[in-house]
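# Observations on the three-dimensional arrangement
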Amino acid sequence: MISLQHITVTFNAGSASALCALKDVSMTLKETEFTVIIGSNGSGKSTLLNTIAGTVHPEIGSIIIADNDVTSREDYLRSVYISRIFQNPLTGTAPELSILDNFRLAALRTKSKGLKIGTTKIFEEVVKEKVSFLKLGLENNIYKPMGSLSGGQRQALTLVMGIMDDCKIMLLDEPTAALDPRSAALVMEKAEEIISVNHLTALMVTHNLKDAIKYGSRLIMMQEGKIEKDISSPSKNNLSIETITNWFN
């Protein structure tokens, strides 16, 4: 589904402050595989996600998604494949618009815009059905402004918004970092279910070692812009927090 070959990314190239964020990184993500990425700050985790998403372009290497070379393709042109969940629940939603209107925008993300799309009662029922999956009671409040919701509610809704079109890939950049423990647990539970039920290929960056162990079938640790460890199930199932913590020493 996703293939990165010899990816190198340098910020401020040619200057005294040049930083090589990714160094000759190669990896392949199989279809429906859920991969978790960990590493210290500055190890290249988010840069890797940004490179796949298209917000960062490598100076060396190639990116293949669904057999298409997207190396030079801008992020908005990759949205046909990719849905992205950001760390900040405020990102990716319009706070002044209602839940329904935000879902309307999500449904139109990769489609040509038309005045009639998303304005029918049928669309409202579709949104209510999808929102009810979260079991938060929000399906009864779809006209409520998104900005009036808690961070956990908004982040949970962005997960469902992410599958309003035909995306096949979900990128999650520390999706629970800004949430309280209860909300974080809900978001991760629903994210895992959405990824599984919709047969998505998923890549998640996290600093939460418990989540790194609990979720996904593959664990990658990055260090200084390189892949330091790459462990798949069943070996991943035998990892402990103590073991992973020692990797950082």
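Located above this text is the structure these notes cover.
Thresholds applied
Residues numbered from 1 in each chain as written. Predicted model: local features only at pLDDT ≥ 70, side-chain atom pairs only at ≥ 80, totals over all residues. Heavy atoms only, no water. Pairing = 2+ DSSP bridges. Helix = DSSP H or I, 4+ residues; strand = E, 2+ residues; numbered from the N terminus. Axes fitted to C-alpha atoms, helices over the stretch in contact; angles between N-to-C directions. Phe/Tyr/Trp six-rings, centres within 6.5 Å; stacked < 30°, edge-to-face > 60°. Lys NZ or Arg CZ within 6 Å of the ring centre and 35° of its normal. Contact = heavy atoms within 4.5 Å. Buried < 20%, exposed > 50% of the residue type's maximum accessible area, 1.4 Å probe, protein only.

The subject of this paragraph is the sheet that holds strand β6 (residues 82-85). Ordered by their spatial adjacency, six strands build an open sheet running β6-β7-β8-β3-β9-β10, and the pairing between neighbours is mixed. If you trace the sheet from one side to the other, it starts and ends with β6 and β10 (226-232), each paired once. Averaged over neighbouring strand pairs, the angle between their axes works out to 15 degrees when direction is ignored. Summarising the sheet, β6 and strand β7 (residues 169-173) pair through four bridges and their orientation is parallel. Looking at β7, one finds that Ser83 is bridged to Met170.

Bringing the packing of aromatic side chains into the picture now. Across all of its chains, the model carries zero aromatic pairs by this definition. Of note, Lys190 hangs over the ring of Phe133, and the distance from its end group to the ring centre comes to 4.8 Å.

Below, the discussion takes up the sheet that holds strand β4 (residues 60-65). Read from one edge of the open sheet, four strands run β2-β1-β4-β5, paired in antiparallel fashion. Each end of this open sheet is capped by a strand with a single partner; those strands are β2 (19-29) and β5 (68-69). Strand direction decides the pairing type here: β4 and β5, joined by two bridges, are antiparallel. Note that in β5 the partner of Ile64 across the bridge is Asp69. Most of the contacts of helix α1 (residues 45-53) go to strand β1 (residues 2-11), to which it runs at about 115 degrees, and overall it touches β1, β2 and β4.

Bringing helix α5 (residues 151-161) into the picture now. For α5, a buried count of nine out of 11 residues is recorded, marking the element as mostly surrounded by other parts of the structure. Within α5 the residues assigned to the buried category are Gly152, Arg154, Gln155, Ala156, Leu157, Thr158, Leu159, Val160 and Met161.

Distances and angles like these do not, on their own, reveal function.
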